[in-house]
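Architecture and fold: a report
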Amino acid sequence: MKLKNVLIGVFTFCTLSYGFSQHATSCLYDHAVNLAEQASPGYKDRLYRMLESVAYHNTTRNDEIFKIKVVFHVVYNDDVENIPDEALERQIKALNDAFRRQNADTVNLRPIFWPVAADAGIEFEIDEVKRVKTTASFRPSLLAGLPDEVKQSNKGGSDSKDPDKYMNIWVCKLLPMEIFGLSSPVLGYAYPPDGLSHWPNGSAATGKHLDGVVLDYRAVADDFYPISQIGNIPMLGRTGVHEVGHYLGLRHISGDGGLFGINCEGTDGVDDTPTQGTQSSFDCNHEQNTCGAGNPDDLPDMIENYMDYSAETCQNTFTKGQVAIMRGVIQTLRKGLVENLTNVEFVDLHSKTKVVPNPAGDYFFIQGIDESRANTMVIYDAMGRKVHQQIVNNYDLIETAKFNPGIYTIKINGTDNKKLIITK
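Here's what I pulled together on the structure shown here. Predicted, not measured: the structure shown is a model, and the values here were computed from it.

Below, the discussion takes up the overall build of the protein. Assigned secondary structure in the protein consists of six helices and 17 strands. Taking all 424 residues of the protein together, the buried fraction comes to 53%. Accessible surface, the protein as shown: approximately 18,900 Å² in total, 50% of it carbon and sulfur.

What follows covers the state of the cysteines. Going through the model one piece at a time under the given rule, you end up with two disulfides. The disulfide bridge from Cys-264 ends at Cys-291, spanning 1.9 Å between sulfur atoms. One quick way to see it: the torsion about the S-S bond of Cys-264 and Cys-291 is about -105 degrees, and its sign makes the bridge left-handed. Remark: Cys-291 occurs in the loop between helix H5 (238-247) and helix H6 (320-331) and Cys-264 occurs in the loop between H5 and H6; sequence separation between them is 27 residues. Overall, Cys-264 belongs to the partly exposed group, its relative accessible area being 30%. On the basis of relative accessibility, which here comes to 14%, the residue Cys-291 falls in the buried class. Paired by a disulfide, Cys-284 and Cys-314 hold their sulfur atoms 2.4 Å apart. On the sign convention where negative is left-handed, the bridge of Cys-284 and Cys-314, at about -100 degrees about the S-S bond, is left-handed. Here Cys-284 is found in the loop between H5 and H6, whereas its partner Cys-314 is found in the loop between H5 and H6, with 30 residues between them in sequence. For the pair shown, Cys-284 and Cys-314 are each scored as buried. The cystine pairing of the protein, numbering bonded cysteines in sequence order, is 1-3, 2-4.

A few words on the pattern of salt bridges. Enumeration over the complete set of coordinates arrives at 14 salt bridges. Note that Lys-67 and Glu-123 form a salt bridge whose closest N and O atoms lie 2.5 Å from each other. Highlighted residues: Lys-67 in strand S2 (residues 66-76) and Glu-123 in strand S3 (residues 122-133), separated in sequence by 56 residues. A salt bridge links Lys-161 to Asp-127; its shortest N-O distance comes to 2.9 Å. One end of the pair, Lys-161, is in the loop between S3 and strand S4 (167-172); the other, Asp-127, is in strand S3, and 34 residues separate them in sequence. Under the relative-accessibility criterion, Lys-161 is labelled partly exposed at 22%. Accessibility expressed as a relative area gives 33% for Asp-127, which makes it partly exposed. Ionic contacts of the salt-bridge type, sharing partners, join the residues Lys-67, Arg-100, Asp-119 and Glu-123 into one network.

Before going further, it helps to examine the sheet that holds strand S11 (residues 354-356). Across a sheet, paired strands are connected by hydrogen bonds in the backbone, their directions being either parallel or antiparallel. The strand order across the open sheet built from three strands is S11-S12-S15, with neighbouring strands paired in antiparallel fashion. Only two strands of the sheet have a single neighbouring strand rather than two, namely S11 and strand S15 (398-399). Bridging between S11 and strand S12 (residues 363-367) involves three bridges; their strand directions are antiparallel. Bridging across to S12, Lys-354 finds its partner in Gln-367.

We now examine the packing of helix H3 (residues 85-99) against H5. As a packed pair, H3 and H5 sit with axes 9 Å apart at the nearest point and diverge in direction by 60 degrees. Regarding the angle of H3 to H5, the classification is oblique. The hand of the H3/H5 crossing is right-handed. Together, Gln-91, Ala-94, Leu-95, Ala-98 and Phe-99 of H3 and Gly-240, Val-241, Val-244 and Gly-245 of H5 make up the contact between the two elements.

A contiguous nonpolar surface patch, about 440 Å² in accessible area, is contributed by Leu-142, Leu-143 and Phe-180. In this structure Phe-180 comes out as exposed when scored by relative accessible area, which is 78%.

To continue, consider the nonpolar core. Ranked by internal contacts, the top residues of the largest apolar core, which has 51 residues, are Ile-83, Phe-99, Ile-122, Phe-124, Leu-248, Phe-318 and Met-326. Those elements that provide at least two residues to this core are S2, H3, S3, S4, strand S8 (213-216), helix H4 (217-221), H5 and H6. Beyond its immediate sequence surroundings of up to four residues, Ile-122 is in contact with Phe-66, Ile-68, Phe-99, Arg-100, Leu-248, Met-326 and Ile-330.

This part takes up the side chain of Gln-91. Along the chain, Gln-91 turns up in helix H3. On the basis of relative accessibility, which here comes to 2%, the residue Gln-91 falls in the buried class. The contact partners of Gln-91, leaving out residues within four places of it in the chain, are Phe-72, Leu-215, Ala-219, Val-220, Gly-237, Gly-240 and Val-241.

Here S8 shows two buried faces, one formed by Val-213 and Leu-215 and the other by Val-214 and Asp-216. Relative to S8, S4 is paired through four bridges, and the arrangement is parallel. The partner of Cys-172 across the bridge, within S8, is Asp-216. Inspection of the sheet shows strand S7 (residues 186-190) paired to S8 by three bridges, in the antiparallel sense.

The strand order across the open sheet formed by four strands is S14-S13-S16-S17, and the pairing between neighbours is antiparallel. Two strands close off the open sheet at either side, each with one partner strand: strand S14 (386-391) and strand S17 (416-422). Ignoring which end each strand starts from, the neighbouring axes of this sheet average 20 degrees apart. Here seven bridges tie strand S16 (residues 406-412) to S17, and the two strands are oriented antiparallel to one another. Within S17, the residue paired with Gly-406 across the bridge is Ile-422.

In this section: H5. When you tally the buried positions in H5, you get 10 out of 10 residues, the bulk of the element. For H5, the set of buried residues is Arg-238, Thr-239, Gly-240, Val-241, His-242, Glu-243, Val-244, Gly-245, His-246 and Tyr-247. Two residues or fewer past H5, Gly-249 is found with a positive phi of approximately 105 degrees.

What counts, and at which threshold
Residues numbered from 1 in each chain as written. Predicted model: local features only at pLDDT ≥ 70, side-chain atom pairs only at ≥ 80, totals over all residues. Heavy atoms only, no water. Helix = DSSP H or I, 4+ residues; strand = E, 2+ residues; numbered from the N terminus. Buried < 20%, exposed > 50% of the residue type's maximum accessible area, 1.4 Å probe, protein only. Areas by Shrake-Rupley, 256 points an atom, 1.4 Å probe, with all protein chains shown as cover. Disulfide = S-S within 2.5 Å. Salt bridge = Lys/Arg side-chain N within 4 Å of Asp/Glu carboxyl O. Pairing = 2+ DSSP bridges. Axes fitted to C-alpha atoms, helices over the stretch in contact; angles between N-to-C directions. Parallel < 35°, antiparallel > 145°, perpendicular 65-115°, else oblique. Left-handed = near helix turned anticlockwise from the far one by under 90°. Contact = heavy atoms within 4.5 Å. Patch = residues over 30% accessible without salt bridge, like charges linked within 9 Å, V, L, I, M, F, W, Y side chains within 5 Å. Core = buried A, V, L, I, M, F, W, Y, C linked by side-chain atoms within 4.5 Å.

Any functional reading would require information that these geometric values do not contain.
Structure representation (structure tokens):
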């Protein structure tokens with residue numbers, strides 16, 4: 001959800017304020033590093049040696065890729081709102097590129113944030129497209145709240161398809177929200193799952209049938225969102241990325257603080273996003289450091305993060321902490337989105353134990369085992385059934401001839417869980 005410079009009793013609006021501005025882009029990061037170097041000689045050298053040791057992308061994963069099926073509901077009044085399948089396919093590509101960190105502009109991430117950038121390992125595919133012609137209109141308001149009528153056929157919208165198993169995305173014309181005589185365009189909104197400690201109570205949808213993502217059709221179909229007072233705002237499908245982030249449990253990186261001025265007490269519940277005192281103004285201001293006054297070691301605001309209000313042209317990254325939240329949500333509060341996930345146990349990504357090669361062909365072995373003790377390896381199939389058990393040491397070859405191709409869970413000493421994919 002995106003909320004711009006307005007105070008609302010819900011946390012799910014994605015709006016654009018009229019305070020749009022373009023700032024100079026000389027890099028405050030360099031200035032901050034130089035100040036830190038003056039205060040602590042050798043700081044710069046230590047920083048860059050650390051950065052050089054970190055891979056720019058997550059190129060390998062020990063955990064599985066989660067695939068989420070998407071149902072689009074195109075609810076339209078005028079024909080221009082009935083966007084074509086090609087536009088929906090572009091939105092899915094934008095989601096896949098972002099959640100797999102495959103978008104070309106990841107190279108624009110500033111080096112200071114390289115260590116925290118992450119591939120979420122989440123992919124999306126279209127299951128169904130529903131089209132509903134309506135005479136209803138959909139406008140959020142301070143009094144009536146969010147226009148969830150778009151999700152209900154008896155109110156001129158389209159009923160969700162099994163929200164436990166599918167991510168429903170409604171595409172419609174969202175009318176501007178009127179606030180004290182001002183008109184504030186709304187790009188989209190989404191509800192987080194219920195039960196997350198870093199979200200305020202009451203943030204989730206009031207019923208499962210209202211769960212999902214709502215996007216303005218212009219944020220999906222067009223290259224620009226036209227606003228007469230501002231001009232054409234570039235749209236790259238990242239409003240959808242932002243809203244799906246909310247759907248999977250992420251808050252704005254400012255923790256929705258700073259609505260009435262900078263407030264650095266807010267939190268998004270993520271350790272590796274820098275403290276940010278207010279949202280960006282839909283720009284790409286690399287000098288922005290809302291909580292850095294008097295603290296040269298403070299990181300600049302992460303305007304490259306999908307969960308900021310920066311322009312879509314500079315958003316390109318989720319962090320490892322954000323990825324952990326989203327994958328945790330998929331494995332628990334939204335586990336029905338992924339087939340057979342109820343039979344898959346949690347994978348410890350920080351364990352030193354690895355399964356090599358993975359995927360495996362004719363054999364695999366385990367490395368990183370503590371050989372000061374006897375180590376028991378137990379293998380479970382995708383249905384949770386035990387199919388093999390043995391004592392194992394580092395680099396013991398385990399032949400796969402008796403296993404069918406598929407996904408398996410390996411347990412070492414009852415606690416160290418690994419995923420294994422066997423292909424033949």
